[in-house]
Amino acid sequence: MLAMIPRLLALSLGLLFGVSARSQPDIVDFYVDPVGKIYYLRTDDRLVTDNLLGQNEFDFYDSSLGAPEVVDVTNPFSILLFYPDYGEVVVLDRTLSERSRLDLFSLPDILQPTLLARSADNLIWVFDSWDYKLKLIDETGRPRQESNDLRLEIDLRMPPDHLYVDRDRVVLHFREDQRLAVFTNYGRFTGWVSLPEVEDWRWQAPVLFGQRGTEAWAWTSGQRQVEARTLSPAMRNLRFLRAAKGEAWGLDPATQRVKRTTLPK
């Protein structure tokens, strides 16, 4: 009887760790910073990244806010998380430790912030759907500049769905209209870009990459139209595809890890 105890204990531990492994939260999206480091957003609302100096992951989670709708890792030393329902911006350092917070609802010049992205000069662009303006602020909320009312300037009837920023451009993405409104980094409108029909898309500066079945396209900041791209057989099995500078990243559903590959032309 005593001889069976170690075996029973080993079986129990095996079952316990097996359940833990199977219950590991899935990935709902991932992000790639300028040096190629990967950040994962999980179904339990945690943002995580690998700690290259040890076994444990770095992670961030705030139970009072839930999942961020915007994760901007453009500056890995000052990562932005945005929770539009609360108007809350959380700034993290490279270990995903909180550096600061900014309540956009407390700012007199911003009434209904819905989109946000890091600017090229380390400030923050915000789209305010109250007055349909792009507004540039610093991390303390101090206003720097703003665009004209875009309802008047470019005849907007609905707010955009996404905001992207490249070095010298600010881009508003309208999913239903399948087009982009492109602005300078001073908020001046420069033109529209039409997009093909798409099932999924991801922004990885300076490229917006779209996919529909086995077909794909890429729009690079500064271009007037999209370009068709070929998906290799290996890429077709990956999810949440991102691409920039000839490389592509996608989530392997089997391993729940990101794979990097060369993007065929």
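What counts, and at which threshold
- Residues numbered from 1 in each chain as written.
- Predicted model: local features only at pLDDT ≥ 70, side-chain atom pairs only at ≥ 80, totals over all residues.
- Heavy atoms only, no water.
- Phe/Tyr/Trp six-rings, centres within 6.5 Å; stacked < 30°, edge-to-face > 60°.
- Buried < 20%, exposed > 50% of the residue type's maximum accessible area, 1.4 Å probe, protein only.
- Lys NZ or Arg CZ within 6 Å of the ring centre and 35° of its normal.
- Salt bridge = Lys/Arg side-chain N within 4 Å of Asp/Glu carboxyl O.
- Helix = DSSP H or I, 4+ residues; strand = E, 2+ residues; numbered from the N terminus.

Draft legend 1. Quick peek at the packing of aromatic side chains. Scanning the model with the defined rule gives 5 aromatic pairs in all. Seen in terms of ring centroids, phenylalanine 127 and tyrosine 132 are 5.8 Å apart; in terms of plane orientation they differ by 75°. Their pairing is edge-to-face. Residue classification places tyrosine 132 among the buried residues on the basis of a relative accessible area of 9%. Seen in terms of ring centroids, phenylalanine 189 and tryptophan 192 are 5.7 Å apart; in terms of plane orientation they differ by 65°. Their pairing is edge-to-face. One aromatic cluster in this structure is built from Phe174, Phe183, Phe189 and Trp192. Here arginine 179 stacks its cationic end above the ring of tryptophan 192, 3.5 Å away from the centre of that ring.

Draft legend 2. Structural context of the pattern of salt bridges. With the rule as written, the count across this model stands at 24 salt bridges. Between aspartate 29 and arginine 202 there is a salt bridge, with its nearest N and O atoms 3.2 Å apart. Placement of the pair is aspartate 29 in strand 1 (residues 27-32) and arginine 202 in strand 17 (residues 200-204), with a sequence separation of 173 residues. For aspartate 29, a relative accessible area of 12% puts it in the buried group. Where glutamate 247 meets arginine 260, a salt bridge forms, and the shortest distance between an N and an O atom there is 3.6 Å. Of this pair, glutamate 247 sits in strand 22 (residues 247-252) while arginine 260 sits in strand 23 (residues 257-262); the two residues are 13 residues apart in sequence, bridging distant segments of the chain. Residue class for arginine 260 comes out exposed when judged on its relative accessible area of 58%.

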